[in-house]
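Structural description and commentary
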Amino acid sequence: MSTDDDSLYTSPDDEERHRRLLDETEYDTELGLEMARDAQRVSAGELSEVEFYRRYHERIVEEFDIDDREIDLPDPDEAEGSGEGFLDDLGSVLADVDPETDESRRSVMQKGAAVAGGLAVGGWGTVQNAAGQDGGGGADAPGDDEEGTRWGMTINLNNCDGCLACMVACDQEHNLSRGAHWMYVFAYEDEGQADENFLPRTCQHCTDSPCTKVCPVGARHTRTEDGLVLTDYDICIGCRYCEVSCPYGVNYFQWGEPDVPESEIDEDTQYDDRGRWVGNRPPEGVMGKCTFCVDRQDGAMGEDLVGTTACEEACAMDAIHFGDLNDPESAPNRHLREYREAQPNDTSEFPDRKEHTVSTFELLAERGTEPNVTFVGNEPSPHAEQVEGPVTYEEMGLVDDRKEVLDDGATATQGGESA
Amino acid sequence: MSVDVTSVDRDTLLRPIETLSRRYVAALAVALGLIGVWLAFYVQQLQHGLVVTNLSDWGSGGGVPWGLYIGAFIWWVGIAHGGIILSAAVRLLGMDTYQPVARLAELLTIAALSCAGLFILIHVGRPDRLVTSVLPAWPTCVQWSPLMWDVTVITAYFVLTATYLLLTIRYDVSRLRDRLPPRLEPLYRALLVGYSETEDAVVERMVWWLAFAIIIMAPLLLHGGVIPWLFALLPSMAGWHGGVQGPSFLSIALTSAVSGIVIVSAAFRYAYDWEALIPDAVFRGLGQWLGFFGLIFLWLQLQQVITGIFAAPTTLQHATEVKISTPLYWVAIGLVAAAMLYVFASSLRPTLFSIPALVVASVGVLVGTLVEKVLFVVEGLQHAHFDLYNGVPGAYTPSAVELSALAGTVGIVALFFLVVSKVIPVVELHAIEDYEEVDT
Ligand code: SF4
Ligand code: SF4
Ligand code: SF4
C-alpha cells in the first residue's frame, strides 16, 4: 500500500476530516471526496475499475493539469486483463510527481489524492481477491492485519447469567428450524469452579478456518472485506464437510424442509452487499451457521444496526460485545479494555505482574483456527460437563437435542413402510 | 507358481456369452430386486430430504453428520482400488497365475468405483448441483479441499481403468468376433474403431505404463493418500488424526479387494464350470494374499489402539477407549482375524483348503471391513476434541433408507457382472492363448 494514510474510511468523521484536508488545497474538494467514495465502491465490487477510470480520468486531467501521456495511464480495456490495476499506477504516478517542480501538486498528492488514489489502491487489492474466490482456502483471508473491518466479539462469561435470550433472538431473527441453534448457550460445571458457568457459543468466524479450506465447491468462504465466514446457499452441495471439519460444532445442516417457508423471509436479509445469498436460514439440503448477522452488517436492517447482532441486542447482561476488532474504539475492544482497567493488578510489590487480573481465552486456541471471538472468564477444562441451567431450553420454547426433531421427521416421512 | 491353463479352449471361455440358464435369470431377478428395494426407499429421500436418514448435526444436535453413506463410499473405493492394484501387479510383475482373474478384478474396479460415486451422490444434500457447483469451483478448490482431491483422483482412476480395460478388450473382441452374438455387432464395431493388429505391440506397452501409473498412484495418492486425508487432516476429531491412517486405509482396501475378487471369481467358476479355467491354484494364491493383507490390517489396528491408550492426549485416549469397548469393532477385527487364521492354517494343512470356505471367509472379511469403515467415520465424529456438549457423543444407527442403499449397490455390482459377462469375455484370451499363437 502506497500511502501513510491507508486505512479504509468508513465513518462520517473520517469524511469530515478529509473535507477539511482537501479544503486547504486549491483543488476541487468535491472531486476528491467523490473519488474517495467511488473508490470504496470499487473495493466493494459495486463499481468496475474501468468505470472508475472513465468517470474520473477527464476531471483529473482538468483539475491536476496532468495529461494522459504524463500520467501514462494504461488503456482501460487493457487494464481489465492485466494483473496490475491502473489504480496502482495512478497511485504511484501521483506519488512520483516531482515535488520540486510543483510544490502545490505535492500537497495534493499528500492530502487530496491520498484520499482518492491511496484509498482506491488500498481497496483494489480487495477487489482482486474477491473476484477470484473469497478467501477460498484461507490464504487470502483477511488475517489479523489492521486494515479494513474485521468483525468479532468479546463475550464476557462473568456477565452471562444463562437466560438464553440470545438463543431465542437469533433463532427468531434468522427463522431457524427447531433444534438449529446458531447461538448456543452452555451451562456447565467444572472442577475448581464453585458455581454453574455459562458459555454462549456462536460461530467463531475463524481467521484460519478449516471449514473454508475443506469446502469442495467454495460455498463456505471468508468474505474478504470484513472477515465474515459465510456459506453461499446457491453453491453449497450439502456435503457437510465443513461441519465435520469445524472443531466447535457450530454448523446446522438443513436436513429437511425448513420450518419457515421461503415466502415468509425478507429478501433483503438474504442477499449480502455482493449479491450473494448468504443471509438468514439456509434452504433444504444446504449448510447453515451463525453469520454474525451479515444482513445487519450490510445495512439491510437499517444503518443503526450496522455493527450490532441480534444476540448482542437481546443480552440484558452486557455479556456480548460485537464490533470491528480493527477499531480500538469498537464495542469488543472497548469492553475488554474497560473491564481490564476496572480490575488492576497490584504491581507495586511485584512489578512483573500483568496490569490486570482479567483472564481471557479463545476457544480451542490450540487447534490453530485463530477465532475472532474472545471470551472473558475461565476456559472450561476438559472435565467440564454441561448441566441444566437456571433457565431450561424447554422453558424458552427451544429444542436442545435436534436429533429428537429429526427422528420425528424420519419416522413421519417413512410412515409404516420401513421395517 | 505359474499355472498352465492354455489347454482350455475358446468354447469354455465363451460359455457365459453363448448360454442362458435359469440360474442366470434368477440371479438377474435378485440383482434387480435389490436395486428396486433401494430405489423405492431412495424416492423418499428425494421427496423429503436427508431427514429420512438417521443422521443429525454433531454438537448440540446429538448425532453425526456423516454415517453409513460415507463409510460405504470408502469401502467401495477400497474394493475398487485393491482390484486394480491386483490386476496391475499381474501385468507389471508378470504374475501369470492370476491372469484368469485379472479382467474380473478390473471389472470389479469399474463397478465398485461407480458405486462409490453413487454414494457421494446420495450423501450430499443437493445432488442436483454436483455438476454446476463442482466444475466452476474445481480450479480453486482443488488447491485446498481434500474432498476435491478425492473427486479428482477417483475420476482419474476411473479413466485409467476404463482405458486399460478397453485396450485389452479390443484385442479379444477382434479375435473372437465371429463367435460373439451378432445382435451386439454395432457395439463390437464401436469397440473396435480404428483397430488393427499392428497396434497390439503398442497397446501392450501402453497397458504396461498404465499399470505402472496405477501401482505408483495407489499407495501415494489413492487409498493410502487422498481417501484417508479426508479425515486425517482435520483439526476437529480426535480419532481421525495421524499418519497411520494412510497405511491403515490401504491395508483395508487390499484386504477387501482380494475378498471381492475371490467371491466374484468363485461365482463365475461355479456358474460356468470353470474349474480348468480358474484353477484351485488361483484361489490358494488369492487366499494367501488375503491372509497377508489381513495381517497388515490387524497390525495397523494394533498400532492405533496402543498409541491411543498408552499416555495419549485426553481426547484421543477417550476415543480409543470407546473404540475398543465397542463390541462391533471386535466383530470386525474377529472376522478379519478368523479369515487370516483359516488361510494360514490351510497353507500348513492343504486338506483344510476349500473354495467355499474361502468364499465364506471373504464374505466375513468384507463385512468386517465395512463395519470397521463405518465405525471409523461414526465413532470419529462422536469424539470431537470439543466435547462440552451433552449431545457429544452423538447417537447413530443407520435408517432403513441408508441400509437399502447398501443392498442397492451390491445389486448394481451383481447386475453389472451379469450384463457384462453376456457381452464380452470376462476372462482374457491371453489366459488361455499366448500372443504368438493368436497372431499366427
Ligand atoms: S467456528 Fe467452525 S464454522 Fe465457524 S469459522 Fe471456525 S471452523 Fe468455520
Ligand atoms: S456443506 Fe456446503 S458449505 Fe459445507 S463443505 Fe459442503 S458444499 Fe461447502
Ligand atoms: S451473531 Fe447473529 S447469527 Fe451469530 S449467533 Fe448472534 S444473532 Fe445469531
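Details of the pattern of salt bridges
Residues and elements named next belong to chain A. Applying the stated criterion to the full structure yields 28 salt bridges over all chains. Between Arg281 and Glu262 there is a salt bridge whose closest N-O contact spans 3.4 Å. Of this pair, Arg281 sits in the loop between strand 6 (252-253) and strand 7 (287-288) while Glu262 sits in the loop between strand 6 and strand 7, and the two are 19 residues apart along the sequence. Overlapping salt bridges, with partners in common, bring together Arg223, Glu225, Asp226, Asp272, Asp273, Arg274 and Asp298 in one network.

What to know about the site of ligand 1
Around ligand 1 there are 14 residues in total, and Cys203, Gln204, Cys206, Cys211 and Cys246 of chain A lie nearest to it. The residue makeup of the shell around ligand 1, split by class, is 8 nonpolar, 4 polar and 2 charged.

Notes on the side chain of Thr315 of chain B
Residues and elements named next belong to chain B. Here Thr315 lies in helix 13 (residues 314-324). Among the polar contacts listed, one links the side chain of Thr315 to the side chain of His385, at a separation of 2.9 Å. For Thr315, the residues in contact, after removing those within four places along its chain, are Ala238, Ala384 and His385.

Describing the packing of aromatic side chains
Any pair of aromatic rings gets described here by the distance separating the centres and the angle formed by the planes. Under the definition given, this model contains 37 aromatic pairs over all chains. Relative to Phe292 of chain B, the ring of Trp289 of chain B has its centre 6.2 Å away and its plane inclined at 70°; by these criteria the two rings are edge-to-face. Pair noted here: Trp289 of chain B and Phe292 of chain B are both in helix 12 (residues 280-309), with a separation of 3 residues, about one helical turn. Given a relative accessible area of 40%, Phe292 of chain B falls into the partly exposed group. In this structure an aromatic cluster arises from ring pairing among Tyr184, Phe186 and Tyr393 of chain A together with Trp58, Phe386 and Tyr389 of chain B. Above the ring of Tyr270 of chain B, the side-chain terminus of Arg23 of chain B is found at 5.2 Å from the ring centroid. The ring of Phe376 of chain B carries Lys373 of chain B above its face, with NZ or CZ at 4.8 Å from the centroid.

Let's talk about a negative patch on the surface
A cluster of acidic side chains, namely Glu388, Glu394, Glu395, Glu404 and Asp408 of chain A, defines a negative patch on the protein surface. Relative to the helices and strands, Asp408 of chain A resides in helix 15 (residues 402-414).

Focus: the side chain of Lys403 of chain A
Relative to the elements of secondary structure, Lys403 of chain A occurs in helix 15. Accessibility expressed as a relative area gives 8% for Lys403 of chain A, which makes it buried. Once you skip the residues sitting within four places of it in the chain, Lys403 of chain A turns out to touch Asn54, Ser56, Gly61, Gly62, Gly63 and Ala395 of chain B.

A look at the site of ligand 2
Cys215, Cys236, Cys239, Arg240 and Cys242 of chain A are the nearest of the 14 residues found near ligand 2. Residues of the shell around ligand 2, tallied by class, amount to 10 nonpolar, 2 polar and 2 charged.

Notes on the pairing of strand 1 (residues 151-156) of chain A
On a regular strand, each side chain points to the face opposite its neighbour's, so the side chains alternate between the two faces of the sheet. Residue and element names in this part refer to chain A. Within strand 1, 6 of the 6 residues are buried, leaving the element largely enclosed by the surrounding structure. Burial along strand 1 is two-sided: Trp151, Met153 and Ile155 facing one way and Gly152, Thr154 and Asn156 facing the other are all buried. By the bridge criterion, 4 bridges tie strand 1 to strand 10 (residues 373-376) in an arrangement that is parallel. Counted as the bridge partner of Asn156 is Val376 from strand 10.

Points about the packing of helix 12 of chain B against helix 14 (residues 327-348) of chain B
Residues and elements named next belong to chain B. Packing of helix 12 against helix 14 leaves a shortest axis separation of 8 Å and a crossing angle of 140°. In terms of their interaxial angle, helix 12 and helix 14 are classed as oblique. The two elements helix 12 and helix 14 cross, and the hand of that crossing is left-handed. On the side of helix 12, the interface is formed by Gly287, Gln288, Gly291, Phe292, Gly294, Leu295, Phe297, Leu298, Gln301 and Val305, while helix 14 contributes Tyr329, Ile333, Val336, Ala337, Met340, Val343, Phe344 and Ser347. In the contact of helix 12 with helix 14, the residues fall into 12 nonpolar, 6 polar and no charged.

Section: the sheet that holds strand 2 (residues 184-190) of chain A
Here we have 3 strands laid out as an open sheet, ordered 3-2-11 (chain A), and antiparallel in their pairing. What marks the edges here is a single partner per strand, and that holds for strand 3 (193-201) and strand 11 (385-386) of chain A.

Some remarks on the environment of Val399 of chain A
All names here are of chain A. Mapped onto the secondary structure, Val399 falls in the loop between strand 11 and helix 15. Owing to a relative accessible area of 18%, Val399 belongs among the buried residues under this scheme. Separated by 210 residues in the primary sequence, Val399 and Glu189 have C-alpha atoms spaced 21 Å apart. The residues contacting Val399, other than those within four sequence positions of it, are Arg178, Gly179, His181, Glu404 and Val405.

Considerations on the pairing of strand 3 of chain A
All names here are of chain A. Strand direction decides the pairing type here: strand 2 and strand 3, joined by 6 bridges, are antiparallel. By the bridge assignment for strand 3, Val185 is matched with Pro200. Here strand 2 folds back onto strand 3 in antiparallel fashion, the turn holding 2 residues, of which Gly192 has a positive phi close to 75°.

What to know about the interface of chain B and chain A
With 55 residues of chain B in contact, the opposing surface of chain A contributes 62 residues. Between chain B and chain A, the buried area comes to about 4,700 Å², and carbon and sulfur atoms account for 59% of it. Considering only the surface of chain B that becomes buried against chain A, Asp57, Trp144 and Leu388 of chain B emerge as the three largest contributors, covering 15% of it. At the boundary of chain B with chain A, the tally comes to 1 salt bridge. As a salt-bridge pair, Arg402 of chain A and Asp57 of chain B come within 2.4 Å of each other at their nearest N and O atoms. Linking chain B to chain A there are 31 residue pairs in polar contact (both at pLDDT 80 or more). Looking at the side of chain B that touches chain A element by element, the count peaks at 6 residues for helix 6 (residues 130-141) of chain B.

Let's talk about the confidence of the model for chain B
For residues with low pLDDT, the predicted coordinates do not support detailed interpretation. All names here are of chain B. With 97% of its residues at a pLDDT of 70 or more, chain B has an overall mean of 91. Taken as a whole, residues 436-440 scores under 50 in pLDDT and shows 7 contacts with residues more than four places along the chain or in a different chain. Predicted as a complex, the structure gets a pTM of 0.82 and an ipTM equal to 0.92.

Observations regarding the nonpolar core
Grouped burial of nonpolar side chains is what soluble globular proteins tend to show. Of all hydrophobic cores here, the largest spans 205 residues; its most connected members are Tyr241 of chain A together with Phe73, Trp76, Phe119 and Phe231 of chain B. For this core, the element with the most residues is helix 4 (residues 68-93) of chain B, which contributes 17 residues. Not counting residues up to four positions away in its chain, the partners in contact with Phe119 of chain B are Tyr69, Ala72, Phe73, Trp76, Ala405, Leu406 and Thr409 of chain B. Listed in part, the 12 residues of the second largest apolar core include Leu298, Ala332, Val336 and Met340 of chain B.

Analysis parameters
Residues numbered from 1 in each chain as written. Chains lettered and ligands numbered in written order. Predicted model: local features only at pLDDT ≥ 70, side-chain atom pairs only at ≥ 80, totals over all residues. Heavy atoms only, no water. Salt bridge = Lys/Arg side-chain N within 4 Å of Asp/Glu carboxyl O. Helix = DSSP H or I, 4+ residues; strand = E, 2+ residues; numbered from the N terminus. Near = heavy atom within 4 Å. Nonpolar A, V, L, I, M, F, W, Y, C, P; charged D, E, K, R; others polar. Polar contact = N/O pair within 3.5 Å; in protein donor to acceptor, adjacent residues only side chain to side chain. Contact = heavy atoms within 4.5 Å. Phe/Tyr/Trp six-rings, centres within 6.5 Å; stacked < 30°, edge-to-face > 60°. Buried < 20%, exposed > 50% of the residue type's maximum accessible area, 1.4 Å probe, protein only. Lys NZ or Arg CZ within 6 Å of the ring centre and 35° of its normal. Patch = residues over 30% accessible without salt bridge, like charges linked within 9 Å, V, L, I, M, F, W, Y side chains within 5 Å. Areas by Shrake-Rupley, 256 points an atom, 1.4 Å probe, with all protein chains shown as cover. Lys, Arg positive; Asp, Glu negative; His and termini not counted. Charge placed at Lys NZ, Arg CZ, Asp CG, Glu CD. Pairing = 2+ DSSP bridges. Axes fitted to C-alpha atoms, helices over the stretch in contact; angles between N-to-C directions. Parallel < 35°, antiparallel > 145°, perpendicular 65-115°, else oblique. Left-handed = near helix turned anticlockwise from the far one by under 90°. Buried area = accessible area lost by both parts, 1.4 Å probe. pLDDT = per-residue confidence, 0-100. Core = buried A, V, L, I, M, F, W, Y, C linked by side-chain atoms within 4.5 Å.

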